[in-house]
Amino acid sequence: MNKILVPIDFSEHSEFALRVAAAIAKKNDSELVALHMLGISDEGLTRMETQELQEAILNLKFSDAKFTDFLDRVYLNGVKIQNVVQRNKDFFEIDSIANKYEAGLIVMGSHGSKGLNEVLVGSNTEKVVRTSTLPVLVIKSPVVNFKFKKVVFVCDFKEDYTEPFRNAWNFFKPFKSKFKMLYINLPENFLNNQEMEEKAMEFIKRAGVEEFNFYKDMVFYNDYNLENGIYRYANKFNADVVAVPTRGRRGIAHFFSSNKGESLVNHSNIPIITFKK
């Protein structure tokens, strides 16, 4: 992973993401691509009157100066950073920008505060997660000394989660992470131990990941609610990050469609990383 893209909007949440990205970059000798988008299209510029155009140019210069000031952080010392200011890009297009700069990961902040669904399904974060072909690491609160030491990959053994699992496995392998695959056994889709083991073994065989240790790294966890179960186990495991598969344009809301009621852990600070099908 040579480059990590970080969208910057000058908020405290984007700084949370920047600090995490810096920690990953230092450990992996990666370069940061710090991206700021002004939201002014080429068409908009051509339609502007002279005064409006001058104001737009001033805003561009101001943003560039503010960007430089925002990146003046002690934790960025020793990290190579490439500043990118895009004036005509939407969050939907971050994936194409990331691929243009050959990034292997997108790290972004989220204002979500009501559990996984709110963290991942909301305005700009959802746009990036839903359209990105790259892993997206979502940070919603300050994280000190971030690392990929312990990872929980959430899975229900469906066939279309095979590719995200392989992608996640290959992504974390260089970090030598302690990797756990987690299945939440819910009352409405309850399986006995034998049924869960058979589905899990079939899934792992289909994924073709020979290094995965089924008896050591497969976890079956019973709970009444999917999101609560994920957080309860992740906290018990002391996970650094929870990995979640996505299904492209349908977004990630479907993953939590079975959830009802308020999450008991709706203020968990565990970072979330998504892998697309």
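Positions within a chain are numbered from 1, following the residues in the order the chain's sequence is written. Given that this is a predicted model, residues contribute local features only at a pLDDT of at least 70 and side-chain atom pairs are listed and counted only at 80 or more, while totals for whole chains, interfaces and linings are drawn from all residues. Side-chain figures throughout are based on the complete set of non-hydrogen atoms in the structure, without hydrogens or water.

A. Summary view of the overall build of the chain. Where helices and strands are cited, they refer to DSSP runs of H or I of at least four residues and of E of at least two residues respectively, numbered from the N terminus. Helices and strands together make up the secondary structure of the chain, namely 10 helices and 10 strands. Burial status follows relative accessibility: with a 1.4 Å probe on protein chains alone, a residue under 20% of its type maximum counts as buried, one over 50% as exposed, and anything between as partly exposed. When burial is assessed residue by residue, the chain has 53% of its 277 residues classed as buried. Note on areas: these come from Shrake-Rupley sampling with a 1.4 Å probe, and a residue is covered only by the protein chains present in the view. Here the chain has roughly 14000 Å² of accessible surface; of this, 46% comes from carbon and sulfur atoms.

B. Quick peek at the packing of helix 7 (residues 162–172) against helix 8 (residues 193–207). Axis definition: a line fitted to C-alpha atoms, limited for helices to the stretch in contact. Angles are taken between N-to-C directions and run from 0 to 180 degrees. Here helix 7 crosses helix 8 at 70°, and the two axes come no closer than 9 Å. As the angle between them shows, helix 7 and helix 8 are arranged roughly perpendicular. Seen along the crossing, helix 7 lies across helix 8 with a hand that is right-handed. Judged by residue contacts, Thr162, Phe165 and Arg166 of helix 7 engage Phe203, Arg206 and Ala207 from helix 8. Should an angle lie under 35 degrees it is considered roughly parallel, over 145 roughly antiparallel, and from 65 to 115 roughly perpendicular; all remaining angles are considered oblique. It is the rotation of the near helix from the far one that decides the hand of a crossing: anticlockwise by less than a right angle makes it left-handed, clockwise makes it right-handed. Any two residues whose heavy atoms approach within 4.5 Å at even a single point are treated as in contact.

C. Representation of helix 10 (residues 226–237). A helix is expected to span 1.5 Å multiplied by its residue count minus one. A rise of 1.5 Å per residue sets the reference length of helix 10, with its 12 residues, at 16 Å; its end C-alpha atoms lie 17 Å apart and thus fit the reference within 8%. Of all 12 residues in helix 10, nine are buried, a share of seventy percent or more. Among all positions in helix 10, only Leu226, Glu227, Asn228, Gly229, Ile230, Tyr231, Tyr233, Ala234 and Phe237 are buried. Nitrogen and oxygen atoms within 3.5 Å of one another constitute a polar contact, given that in protein one can donate a hydrogen and the other can accept it, and given that sequence-neighbouring residues count only through two side-chain atoms. Of the residues flanking the start of helix 10, the one acting as N-cap is Asn225, its side-chain oxygen 3.0 Å from the backbone nitrogen of Glu227. Asn238 occupies a position one or two residues after helix 10 and carries a positive phi of about 60°.

D. Layout of the nonpolar core. As used in this record, nonpolar core signifies buried Ala, Val, Leu, Ile, Met, Phe, Trp, Tyr and Cys residues forming a set joined through side-chain atoms within 4.5 Å. In terms of nonpolar packing, the biggest core is built from 55 residues, with Val107, Leu137, Phe172 and Met181 touching the most fellow members. Counting residues per element, this core draws most heavily on helix 1 (residues 12–28), at nine residues. With sequence-adjacent residues up to four places away left out, Met181 is seen in contact with Phe153, Cys155, Phe157, Phe165, Phe203, Ile204, Phe212, Asp217, Met218 and Val219.

E. Looking closely at the sheet that holds strand 6 (residues 150–154). Only strands that DSSP links by at least two bridges are regarded as paired with each other. Strand order in this open sheet of 10 strands is 3-2-1-4-5-10-9-6-7-8, and the pairing throughout is mixed. With one partner strand each, in any of the chains shown, strand 3 (81–86) and strand 8 (218–222) form the two edges of the open sheet. Averaged over all adjacent pairs, the angle separating strand axes in this sheet is 25°, with direction ignored. Where strand 6 lies against strand 7 (residues 178–185), five bridges are found, and the strand directions are parallel. Residue pairing across strands places Lys150 opposite Lys178, the latter belonging to strand 7.

F. Region of the structure containing helix 1. Its 17 residues give helix 1 an end-to-end C-alpha distance of 24 Å, which sits within 8% of 24 Å, the value for a rise of 1.5 Å per residue. Turning to helix 1, its buried residues number three or more, namely His13, Ser14, Phe16, Ala17, Leu18, Val20, Ala21, Ala22, Ala23, Ile24 and Ala25. Phi turns positive, to about 55°, at Asp29, one or two residues after helix 1.

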